[in-house]
Amino acid sequence: MRGEHLDAACRSWLELAAQAREADDRDERLAQLIAEHLAACPDCAASEAALTSLIQRYRDAAQPPLSEQRERRLLDLLCGPASASLASRPQPDR
Amino acid sequence: MKPWDIDLAIYEDELALLEGLRRRDRLACTCLVKRFAPRLYQLAVRLMGDPDEAEGVLQESVIQACAHVDAFQGRSELGTWLHRIVTNTALMHLRRRRPVTVDLEEQLQRRSPLPQALVDRTTEPSRAVIGAELREMVDRAIAALPDTLRTAFVLREVEGLSTKEAAAELGISESALKVRVHRARLMLREALAPYVHGEGRRREADA
């Protein structure tokens, strides 16, 4: 059963991922190790593909609108005297 | 007239909207909110993992944008500029949070499986549409990720930034970004297991 897969065959990989630090050299090695594992493990590859499909649909899905209450609070703040009081800094273009 | 009752067509054109913002026209600020706030709020919610904190981020971001619109030089679209302001503001808020260390194995052991009733069945036969229930499930799973993993995952996988762009936003190396995204995906695979496995079976059946 796929639901039990991660608790058995991939435990050593999970432990490595959990213990890894984010120093650049180790990150590079770990990223490579993970990519190799995903390429070689059919179960992980299938789960990754399914997750990718789900996330793609999630990205494309219409999001619920900003609630009227939150929008009104924002507009009240923006159009009222409080708008000048927040500390701010310039933002560069991207 | 209340600010939320305005005619959005007044500033339909982005250049006109920018001019209005530079004149500090309140109607232009309102148009900005009407046009961009829903999308920006979703970004803030995904980055912060909390609707109320996201509202604070949105408020601060929009006020900053209106106050500093003169600094916007038009090298990107207005929406892209606003997206970056929200991202930076959210990251600043997240850095103020107390750092949390996460043991992935402990997280996986602690996580109880989602009840089967949450598995979305409403998308059949059209898989192009995601059901509201499933979307909320994904929202919750993303919100439950540790801050560092959630921000990496949202910027790269949900917002569609390149690895280089997302790494730059977060101030980390591209390798570190990749590892964080992998870790986030691993946790999401577990959190969304009932759906992911069902999706996998459907994909196999299609093959």
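The residue count restarts for each chain, going from 1 along the sequence in the order it is written. Whichever chain is written first is A, and whichever ligand is written first is 1; the rest continue in order. Only residues with pLDDT of at least 70 are given local features in this predicted model, and only at 80 or more are side-chain atom pairs given and counted; all residues enter the totals for whole chains, interfaces and linings.

**A closer look at the overall build of chain B**
Phase 1: Going along the chain from the N terminus, every DSSP run of H or I of four or more residues is numbered as a helix, and every run of E of two or more is numbered as a strand. The helix and strand tally for chain B stands at ten helices and zero strands.
Phase 2: Each helix (α) and strand (β) of chain B, taken in turn from the N terminus, gives the series α-α-α-α-α-α-α-α-α-α.
Phase 3: Residue burial in chain B is summarised as follows: out of 207 residues, 43% are buried.
Phase 4: Partitioning the contacts of chain B with sequence separation of at least 6, the portion at a separation of at least 24 is 57%. Working definition of burial: number of other C-beta atoms within 10 Å of the residue's own, with buried at 20 or more, exposed at 12 or fewer, and partly exposed in between, all C-beta atoms being placed from the backbone. Throughout, a residue-residue contact means that the two C-beta atoms, derived from backbone geometry, are no farther apart than 7 Å.

**Describing the overall build of chain A**
Phase 1: Secondary structure summary: chain A contains five helices and zero strands in total.
Phase 2: For chain A, the α and β elements follow one another from N to C terminus as α-α-α-α-α.
Phase 3: For chain A, with 94 residues in total, the buried portion stands at 17%.

**Observations regarding unusual backbone geometry**
Phase 1: Backbone geometry at R24(B) places phi at a positive 60 degrees, although glycine is not the residue there.
Phase 2: For R24(B), the position within the fold is in the loop between α1 (14-22) and α2 (26-48).

**Let's talk about the nonpolar core**
Phase 1: Formed by 69 residues in total, the largest nonpolar core has its most connected members in L32(B), A44(B), L58(B), V62(B) and L192(B).
Phase 2: Here the element with the most residues in this core is α2(B); it accounts for 14 residues. Remark: nonpolar core denotes a set of buried Ala, Val, Leu, Ile, Met, Phe, Trp, Tyr and Cys residues whose joining runs through C-beta atoms within 7 Å.

**Regarding the packing of helix α5 (residues 68-79) of chain A against helix α3 (residues 51-67) of chain B**
Phase 1: One way to put it is that α5(A) packs onto α3(B) with a least axis distance of 10 Å and a crossing angle of 35 degrees. You can see that α5(A) and α3(B) cross each other, and the crossing is right-handed. In this structure, α5(A) uses R70(A), L74(A), L77(A) and L78(A) to contact α3(B), whose residues at the interface are E55(B), L58(B), Q59(B), V62(B), I63(B) and C66(B).
Phase 2: For this classification, the nonpolar set comprises Ala, Val, Leu, Ile, Met, Phe, Trp, Tyr, Cys and Pro, the charged set comprises Asp, Glu, Lys and Arg, and every other residue, Gly included, is treated as polar. Here the contact of α5(A) with α3(B) is built from residues that sort into seven nonpolar, one polar and two charged. Axis definition: a line fitted to C-alpha atoms, limited for helices to the stretch in contact. Angles are taken between N-to-C directions and run from 0 to 180 degrees. Take the far helix as your reference; a near helix turned counterclockwise from it by less than a right angle gives a left-handed crossing, and one turned clockwise gives a right-handed crossing.

**Topic: the domain arrangement of chain B**
Residue and element names in this part refer to chain B.
Phase 1: According to the domain assignment, chain B consists of domain 1 (3-96) and domain 2 (104-206).
Phase 2: Each partner contributes residues to the interface: domain 1 has seven residues there, and domain 2 has nine residues.
Phase 3: Those elements that place two or more of their residues in the side of domain 1 that touches domain 2 are α2 and α4 (78-96).
Phase 4: Among the residues forming the side of domain 1 that touches domain 2, the class breakdown is four nonpolar, two polar and one charged. Per the annotation, domain bounds derive from an automatic or database assignment of domains.

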